[in-house]
Amino acid sequence: MSDRLSVFKTYKLYVGGKFPRSESGRVYEVTDAKGTWLANAPLSSRKDARDAVVAARKAFGGWSGATAYNRGQILYRVAEMLEGRREQYVREVAEAEGLSKSKAAAVVDAAVDRWVWYAGWTDKIAQIVGGANPVAGPFFNLSTPEPTGVVAVVAPQGSSFLGLVSVIAPVIATGNTAVVVASEKAPLPALSLGEVLATSDLPGGVVNVLSGRTAELAAPLAAHQDVNAIDLTGADTALAKELEIAAADNMKRVFKPGPADFTADPGTGRLTAFLETKTVWHPTGSLGASGSAY
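I will try to describe carefully the structure that is included in this document. (Residues numbered from 1 in each chain as written. Predicted model: local features only at pLDDT ≥ 70, side-chain atom pairs only at ≥ 80, totals over all residues. Heavy atoms only, no water.)

1. Brief notes about the overall build of the chain
Here is step 1 of the chain: When helices and strands are tallied, the chain shows ten helices and ten strands.
Here is step 2 of the chain: In terms of overall dimensions, the chain has a C-alpha envelope of 95 × 40 × 35 Å along the principal axes.
Here is step 3 of the chain: By residue count, 47% of the 294 residues in the chain fall in the buried class.
Here is step 4 of the chain: Contacts in the chain between residues at least 24 apart in sequence constitute 76% of all its contacts with a sequence separation of at least 6.
Here is step 5 of the chain: Averaged over its 29 positive side-chain charges, the chain has a centre that lies 3 Å from the centre of its 29 negative ones. (Helix = DSSP H or I, 4+ residues; strand = E, 2+ residues; numbered from the N terminus. Buried < 20%, exposed > 50% of the residue type's maximum accessible area, 1.4 Å probe, protein only. Contact = heavy atoms within 4.5 Å. Lys, Arg positive; Asp, Glu negative; His and termini not counted. Charge placed at Lys NZ, Arg CZ, Asp CG, Glu CD.)

2. A short note on the packing of aromatic side chains
Here is step 1 of the chain: The tally for this structure, following the rule as stated, stands at seven aromatic pairs.
Here is step 2 of the chain: Ring geometry for Tyr14 and Phe19: centres 5.2 Å apart, planes at 35 degrees, overall tilted.
Here is step 3 of the chain: Taking relative accessible area as the criterion, Tyr14 reaches 2% and is therefore assigned buried.
Here is step 4 of the chain: Ring plane angle 80 degrees and centroid distance 5.1 Å describe the contact between Trp117 and Tyr118, whose orientation is recorded as edge-to-face.
Here is step 5 of the chain: Its relative accessible area of 32% is what places Trp117 among the partly exposed residues.
Here is step 6 of the chain: The residue whose ring lies beneath Arg57 is Phe60, and the NZ or CZ to ring-centre distance is 5.7 Å.
Here is step 7 of the chain: A cation over a ring is seen here: Arg213 above Tyr28, with NZ or CZ 4.7 Å from the ring centre. (Phe/Tyr/Trp six-rings, centres within 6.5 Å; stacked < 30°, edge-to-face > 60°. Lys NZ or Arg CZ within 6 Å of the ring centre and 35° of its normal.)

3. Structural notes on the environment of Leu271
Here is step 1 of the chain: Within the fold, Leu271 resides in helix α10 (residues 269–272).
Here is step 2 of the chain: Taking the C-alpha atoms as reference, Leu271 lies 29 Å from Leu99; in sequence the two are 172 residues apart.
Here is step 3 of the chain: For Leu271, the contacting residues outside a window of four places in its chain are Tyr118, Trp121, Ile125, Pro170, Ala173 and Thr174.

4. Concerning the sheet that holds strand β9 (residues 253–255)
Here is step 1 of the chain: Here we have five strands laid out as an open sheet, ordered β7-β6-β5-β8-β9, and parallel in their pairing. Edge positions in the open sheet fall to β7 (207–210) and β9, since each of these has one partner strand only. For this sheet, the mean angle separating the axes of adjacent strands, direction not counted, is 15 degrees.
Here is step 2 of the chain: Sheet topology places strand β8 (residues 229–231) next to β9; three bridges connect them, and they run parallel. By the bridge assignment, Ala229 is partnered in β9 with Arg253.
Here is step 3 of the chain: Contacting β5 (150–154), β6 (177–181) and β7, helix α1 (residues 46–65) crosses the sheet at an angle of about 155 degrees to β6. (Pairing = 2+ DSSP bridges. Axes fitted to C-alpha atoms, helices over the stretch in contact; angles between N-to-C directions.)

5. Notes on the environment of Thr199
Here is step 1 of the chain: Inspection of the secondary structure assignment puts Thr199 in the loop between α7 (188–197) and β7.
Here is step 2 of the chain: Separated by 118 residues in the primary sequence, Thr199 and Met81 have C-alpha atoms spaced 8.0 Å apart.
Here is step 3 of the chain: The contacts of Thr199, once residues within four sequence positions are left out, are Arg77 and Met81.
Here is step 4 of the chain: Polar side-chain contacts of Thr199 include one of 3.3 Å to the backbone oxygen of Glu195. (Polar contact = N/O pair within 3.5 Å; in protein donor to acceptor, adjacent residues only side chain to side chain.)

Written out as structure tokens, the structure is:
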């Protein structure tokens with residue numbers, strides 16, 4: 001028998017491109033589907049949530065100003081890194097969701113494929129939701145989508161990886177930045193995702209991952225004056241109602257999907273959920289006798 005001691009992994013938050021512990025110093029036990037201890041995860045505080053919003057706001061200008069093609073390249077790089085750590089995620093998903101290794105592998109493969117799918121949409125979504133509008137007059141009238149801003153995301157509680165990817169990727173693919181509240185019972189895949197994002201060319205602060213009590217973290221995010229939108233996917237009915245009321249204070253955009261099947265075709269609904277439309281008018285010039293200004 002080996003007398004070597006195992007090296008247990010220390011899970012940390014991912015905020016502003018760094019890996020801090022909770023400012024409160026608190027942790028909570030995370031167990032697998034059978035109740036066996038897996039790790040101590042940071043128990044984030046309201047201060048951690050506020051720090052994450054500051055980091056997301058700071059990153060928003062650079063990320064939203066990057067070309068859509070560049071964002072696609074970076075998202076694809078994330079998928080590459082996820083693929084390289086496939087075995088780790090298979091183990092974490094199997095433990096978190098009580099799945100067999102083969103079923104967990106299928107979930108991880110679907111999550112990587114989902115990330116690649118969204119990476120391909122970064123420079124195409126504008127062609128679907130934007131374009132030239134016909135108007136009566138000598139004007140160009142052009143509508144283009146723009147990101148909403150900082151989005152708070154309440155991650156799914158039951159789908160710790162495929163669901164997580166399905167709610168984060170479309171938010172950042174369209175130029176928003178995100179503050180993610182990980183699944184309360186199964187936060188480890190989300191915290192590990194932070195390690196991938198940190199080494200995938202994604203600027204610090206574009207995605208910030210918090211673990212802890214969902215209601216304790218989601219409430220200050222919903223009421224935060226510098227959060228522009230909130231995704232309520234992982235909130236139960238009672239919590240979702242409370243968050244909607246809090247979000248109304250600064251007229252946040254609220255995305256409240258119904259029961260989600262993350263194995264189904266995601267469509268473009270999540271890509272358009274956090275986009276605003278900017279319409280620009282521009283004169284074409286006076287029309288000549290032939291009906292053309294050129």
